[in-house]
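As a plain string of letters, each chain reads:
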Amino acid sequence: MLRKFALATALTICWAGHGMADGGVALVIGNGDYENAPDAQTAARDANVVADALEDAGWSVTKGINLERTTMREVIAQFTADMADADEVAIFYSGHALRTGGVSYMAPVDARADTLTDVMFDAVPLDLLLQIAAEKSGNAVLFVDGAQLRGFQPQEFVEPGLAALEGPEGVLIVSAAEPGRAVRRSRWRDSRFARLIIDQFLQPGAGVQQVADETEAPTFVVGSVDSEFTLAPSPVTADSQGLEREIELAYWRAAERSGKAEDYQAYLTRFPEGLFVAFARERLGLNPDGSPKEEEPKIDPRILAERDLNLSRIRKRKIQEYLLALGFDPRGIDGLFGRGSRNAIRRWQLQNGFDNEGWLTADQVEKLTTQGEAALAEQRRIAAEKRRIQEAEDNAYWSATGAKGKPAGYRTYLEKYPEGLHSKVARAALAKVAEAEADAQARTERRAFRRAKRADTAESYRDYLGAYPEGIYRDEALARLDEIEGAERAAADEARLLSIEDALGLSQDDRISVEQRLRYLGFEVGAEDGNFDNRTRAAIKGYQSARELEGTGYLNRPTVVNLVRDTQAGSNQQGGRVVIDGAQVIRGLLDALGN
């Protein structure tokens with residue numbers, strides 16, 4: 001915007017800043033609610049927040065959310081008409097992208113991708129937006145987010161995502177990820193890409209090119225714009241001192257851009273005590289105190305000749321690209337002719353029969369452009385041929401391996417071409433095979449568990465767990481095995497305790513005597529019939545616990561001895577009933593206790 005403008009004009013534009021309503025128009029599209037593909041997560045939300053941020057920065061925004069193909073074309077057509085008088089252009093697209101034949105397409109929400117005709121008739125080519133942006137060369141940026149993890153089903157004729165990106169001169173393309181790559185995102189918050197645009201590219205006074213150069217992966221950047229192009233104006237202080245400083249900076253920047261003596265003198269006249277007085281005097285060849293030097297410095301006419309070419313930074317970047325393509329490394333493609341660029345120019349001049357002073361003339365720029373374009377075209381031809389050969393080898397290997405539809409073939413192909421033309425198809429096929437194998441294994445395991453449940457034995461459950469130690473029914477099998485083994489242990493304990501009780505040799509009268517003594521001590525035993533039922537067992541256990549004996553509910557010698565001892569005093573008469581002392585064991589114990 002500021003090239004070739006007079007000093008007063010430059011002042012006005014510097015004060016107004018970039019991206020104001022009269023100078024900047026923006027197109028924002030967010031397609032997320034797809035009819036024939038998974039939803040593009042965060043697309044609509046990202047479009048809304050980016051549109052709001054651009055409007056806050058002073059841009060005139062045309063926004064479209066979840067556009068069908070007819071509406072999408074109408075919105076783009078309206079935007080094209082609105083940008084006729086604009087100075088700057090910013091475009092943002094988020095949604096599904098499709099690529100075929102090296103061309104990228106933006107998918108409306110009603111797009112289909114069943115045939116190549118669907119893709120080419122329903123979708124909008126990304127090149128259309130690039131051509132629109134190219135009308136504002138140097139002041140145009142395209143933000144594109146087609147890096148969705150889940151998109152349209154890959155076909156032989158089309159794949160989801162962006163093709164290789166290469167824009168017109170003067171257009172910067174910023175992609176959420178490298179073409180062909182995807183970015184994880186959360187449906188509950190703005191994407192990282194949207195936040196990058198808002199937090200960095202829309203920072204007041206931030207140069208779009210500088211931010212792009214400093215942006216890290218996964219963001220992908222190609223192309224370039226003028227260094228002064230910003231999306232948000234620099235903040236301006238309201239006080240007079242701040243205003244004066246802004247005006248001084250505008251004077252100085254205009255003088256530095258033009259390099260003309262009259263502009264440096266205008267700066268010194270307007271700001272005799274300014275920040276850049278010493279630099280202005282130096283540019284004019286004056287002493288630090290402003291007095292003329294004894295000898296007027298002479299500027300090399302070759303330097304002046306190149307300066308008169310008014311090479312923009314974008315043009316210089318292109319010249320650096322030509323030099324590199326021709327084998328003369330300028331040590332960076334940055335649009336700044338430093339030592340590396342000058343050495344590369346000298347080597348090129350020497351090879352082409354020019355004086356190798358390192359400064360360019362119009363004729364040299366023309367010849368360098370012709371040679372450079374030819375070299376770049378040859379590089380593209382070689383790259384295309386290499387790509388064609390690689391794709392042919394890829395397809396041939398696929399025909400010999402994965403195309404046969406066997407899992408081993410898919411794996412063999414992926415070992416050699418993990419990112420090959422058919423890698424997604426191979427991975428999808430292997431995923432289906434793995435899913436089928438998992439289903440078959442689950443069915444086999446389900447049958448094994450049913451057999452274990454039908455048998456319902458500890459051995460059957462152990463067999464299942466041995467075959468499937470981490471199986472689907474592991475917890476259920478372990479729980480049932482614990483129940484069975486617990487019951488078996490309880491039965492074994494009961495048998496052991498019963499054998500100890502039987503070893504006492506109690507007669508029927510002895511057992512009745514035990515029941516009577518327990519009742520005497522206050523433990524309810526049920527019928528006094530010598531048959532130890534559950535109530536009798538509970539009484540025995542209660543007594544054992546009261547005497548701090550092992551509470552088993554079964555008789556043993558310590559229990560019987562304590563029971564006889566506790567009931568000696570009242571064993572002959574209780575409530576008018578005679579307590580039976582027993583014929584064998586109880587009588588023997590009474591005798592032993594001195595009864």
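Residues numbered from 1 in each chain as written. Predicted model: local features only at pLDDT ≥ 70, side-chain atom pairs only at ≥ 80, totals over all residues. Heavy atoms only, no water.

Novice: Whenever I open this one, the overall build of the protein confuses me. Can you help?
Specialist: Per the secondary structure count, the protein includes 22 helices and ten strands. For the protein, the proportion of its 595 residues judged to be buried stands at 42%. With the model as given, the accessible surface of the protein reaches about 31800 Å², and the carbon-plus-sulfur share is 49%. (Helix = DSSP H or I, 4+ residues; strand = E, 2+ residues; numbered from the N terminus. Buried < 20%, exposed > 50% of the residue type's maximum accessible area, 1.4 Å probe, protein only. Areas by Shrake-Rupley, 256 points an atom, 1.4 Å probe, with all protein chains shown as cover.)

Novice: I would appreciate a short explanation of the pairing of strand S9 (residues 171-175) in the present structure.
Specialist: In the case of a regular strand, side chains alternate between the two sheet surfaces. With respect to burial, S9 is a largely interior element, five of its five residues being buried. Residues Val171, Ile173 and Ser175 of S9 are buried on one face, and the alternating residues Leu172 and Val174, pointing to the opposite face, are buried as well. As judged from the five bridges shared by strand S7 (residues 140-145) and S9, these two strands associate in the parallel manner. Looking across to S9, one finds that phenylalanine 143 is bridged to valine 174. When S9 meets strand S10 (residues 220-222), the two strands line up antiparallel, connected through three bridges. Counterpart to valine 174 in the pairing with S10 is valine 221. (Pairing = 2+ DSSP bridges.)

Novice: When you look at a negative patch on the surface in this model, what are you seeing that I'm missing?
Specialist: Together, Asp33, Glu35, Asp39 and Glu68 make up a negatively charged patch on the protein surface. By relative accessible area, which is 53% here, glutamate 35 ends up exposed. (Patch = residues over 30% accessible without salt bridge, like charges linked within 9 Å, V, L, I, M, F, W, Y side chains within 5 Å. Salt bridge = Lys/Arg side-chain N within 4 Å of Asp/Glu carboxyl O. Lys, Arg positive; Asp, Glu negative; His and termini not counted. Charge placed at Lys NZ, Arg CZ, Asp CG, Glu CD.)

Novice: I would appreciate a short explanation of the packing of aromatic side chains in the present structure.
Specialist: Both the distance between ring centres and the angle between the ring planes are used here to describe each pair of aromatic rings. Under the criterion given, the structure shown has 22 aromatic pairs. Between tyrosine 464 and tyrosine 468, the aromatic rings sit 5.5 Å apart at their centres with planes inclined by 35 degrees, giving tilted as the arrangement. Each member of the pair, tyrosine 464 as well as tyrosine 468, carries the same accessibility label: buried. Within the aromatic cluster, the residues linked to one another by ring pairs are Tyr251, Trp252, Tyr264, Tyr267, Phe271, Phe276 and Phe279. Looking at lysine 316, its charged tip hangs above the ring of phenylalanine 337, at a distance of 5.3 Å from the centre. Directly above the aromatic system of tyrosine 397 lies the positively charged group of lysine 416, at a separation of 4.6 Å from the ring centroid. (Phe/Tyr/Trp six-rings, centres within 6.5 Å; stacked < 30°, edge-to-face > 60°. Lys NZ or Arg CZ within 6 Å of the ring centre and 35° of its normal.)

Novice: What should I look at first to understand the pattern of salt bridges in this one?
Specialist: Once the charged atoms of two side chains with opposite charge are near each other, the side chains can pair. Per the counting criterion, the structure on display carries 26 salt bridges. Linking glutamate 501 and arginine 537 is a salt bridge whose minimum nitrogen-to-oxygen distance equals 2.7 Å. Here glutamate 501 is found in helix H18 (residues 474-503), whereas its partner arginine 537 is found in helix H20 (residues 534-546), with 36 residues between them in sequence. Between glutamate 524 and arginine 535 there is a salt bridge, and its shortest N-O distance comes to 3.8 Å. With glutamate 524 in the loop between helix H19 (508-520) and H20 and arginine 535 in helix H20, the pair connects residues that are eleven residues apart, well separated along the chain. Accessibility expressed as a relative area gives 43% for glutamate 524, which makes it partly exposed. Since its relative accessible area comes to 48%, arginine 535 is described here as partly exposed. By sharing partners, the salt bridges in this structure join Arg519, Glu524, Glu528 and Arg535 into a single network.

Novice: Looking at this structure, how should I read the sheet that holds strand S6 (residues 124-125)?
Specialist: Each strand in a sheet pairs with its neighbour through backbone hydrogen bonds, running either in the same direction (parallel) or in the opposite one (antiparallel). If you trace the four strands from one edge of the open sheet to the other, you get S6-S5-S4-S8, paired in antiparallel fashion. Across the chains shown, the open sheet's two edge strands, defined by having one partner strand only, are S6 and strand S8 (159-160). Across two bridges, strand S4 (residues 97-100) lies against S8 in antiparallel orientation. Residue pairing in the sheet places leucine 98 in a bridge with proline 160 of S8.

Novice: Can you help me understand the sheet that holds strand S1 (residues 24-30) in this one?
Specialist: With mixed pairing, the six strands of this open sheet are ordered in space as S2-S1-S3-S7-S9-S10. On the outer flanks of this sheet lie strand S2 (60-65) and S10, each paired with one strand and no other. Taking each pair of neighbouring strands and ignoring which way they run, the sheet shows an average axis angle of 10 degrees. With respect to the sheet, helix H3 (residues 69-82) is in contact with S1, S2 and strand S3 (88-94), its orientation differing from that of S1 by roughly 170 degrees. Taken strand by strand, helix H5 (residues 126-134) contacts S1, S3, S7 and S9, and its axis lies near 160 degrees from that of S7. (Axes fitted to C-alpha atoms, helices over the stretch in contact; angles between N-to-C directions. Contact = heavy atoms within 4.5 Å.)

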